[in-house]
Amino acid sequence: MIRVHIGPSHMHAEGLFTTIDITKGTKIIRYIGKKITQEESDRRLAAGNVYIFGLNALYAIDGKTPKNTARYINHSCDPNCQTEQFGNTIWIVSIKDIQAGEELTYNYGYEVDDTPAEPCHCGANNCCGYILGLQ
């Protein structure tokens, strides 16, 4: 089991940090929550819930639950993790070796649509200034 803790982040109020060294390719933590329909997902997103994770065209996971520690992982344009889907399960997996004490990050992959893009504060050299998957 990978030990993590929530702590202050320079990217956003709080972030998720590892307490041990992690090697590339390690499954770190599951993104958990209630399985909901896309219709319910749209309703909750419109109401301001930012913890919705799409599974497929029919379903999503609502990660807005205290049990979902993975919800503290912040976006980065130069991430050290990525999300991987195994059936209806979402895992956060390391894409680089990560040292103890480092903040865990992944690229949220938001798409450009009619709403203003969310500002990004990751500080990466390749940061475009917005949380977008277009790197």
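Heads up: these notes are all about the structure in this document.

What counts as what
- Residues numbered from 1 in each chain as written.
- Predicted model: local features only at pLDDT ≥ 70, side-chain atom pairs only at ≥ 80, totals over all residues.
- Heavy atoms only, no water.
- Helix = DSSP H or I, 4+ residues; strand = E, 2+ residues; numbered from the N terminus.
- Polar contact = N/O pair within 3.5 Å; in protein donor to acceptor, adjacent residues only side chain to side chain.
- Contact = heavy atoms within 4.5 Å.
- Phe/Tyr/Trp six-rings, centres within 6.5 Å; stacked < 30°, edge-to-face > 60°.
- Buried < 20%, exposed > 50% of the residue type's maximum accessible area, 1.4 Å probe, protein only.
- Lys NZ or Arg CZ within 6 Å of the ring centre and 35° of its normal.
- Salt bridge = Lys/Arg side-chain N within 4 Å of Asp/Glu carboxyl O.

In this section: the side chain of Asn49. The topology assignment puts Asn49 in the loop between α1 (38–46) and β5 (52–54). A distance of 2.8 Å separates a polar side-chain atom of Asn49 from the backbone nitrogen of Tyr51. Once residues within four sequence positions are removed from consideration, Asn49 is found in contact with Arg44, Asp62 and Lys64.

Here we take up the environment of Ala124. Examined against the element boundaries, Ala124 turns out to sit in the segment after β10 (105–106). Apart from the residues lying within four places of it in its own chain, the contact partners of Ala124 are Cys77 and Asp78.

Evaluation of the coordinates by the stated rule reveals 2 aromatic pairs. Here the aromatic rings of Tyr31 and Phe53 are separated by 5.3 Å at their centres, their planes lie at 45°, and the arrangement is tilted. Of this pair, Tyr31 sits in strand β3 (residues 27–31) while Phe53 sits in strand β5, and the two are 22 residues apart along the sequence. Of the two residues, Tyr31 and Phe53, both sit in the buried class. Ring centres of Tyr106 and Tyr108 lie 5.2 Å apart, and the angle between their planes is 50°; on these two criteria the pair is classed as tilted. Looking at Tyr106, the relative accessible area reads 8%, which means it is buried. Positioned above the aromatic ring of Tyr59, the side-chain terminus of Lys35 is 4.3 Å from the ring centre.

The subject of this paragraph is the pattern of salt bridges. For the coordinates displayed, the defined rule picks out 4 salt bridges. In this structure, Arg43 and Glu40 form a salt bridge, with 2.6 Å as the shortest nitrogen-oxygen distance. Placement of the pair is Arg43 and Glu40 together in helix α1, with a separation of 3 residues, close to one helical turn. Owing to a relative accessible area of 49%, Arg43 belongs among the partly exposed residues under this scheme. Across the pair Arg44 and Asp62 runs a salt bridge, and its minimum N-O distance is 2.5 Å. Within this pair, whereas Arg44 is found in helix α1, its partner Asp62 is found in strand β6 (residues 59–62), the two being separated by 18 residues in sequence. On the accessibility criterion, Arg44 (18% relative accessible area) is buried. A single salt-bridge network, built from bridges that share partners, covers Glu40, Arg43, Arg44 and Asp62.

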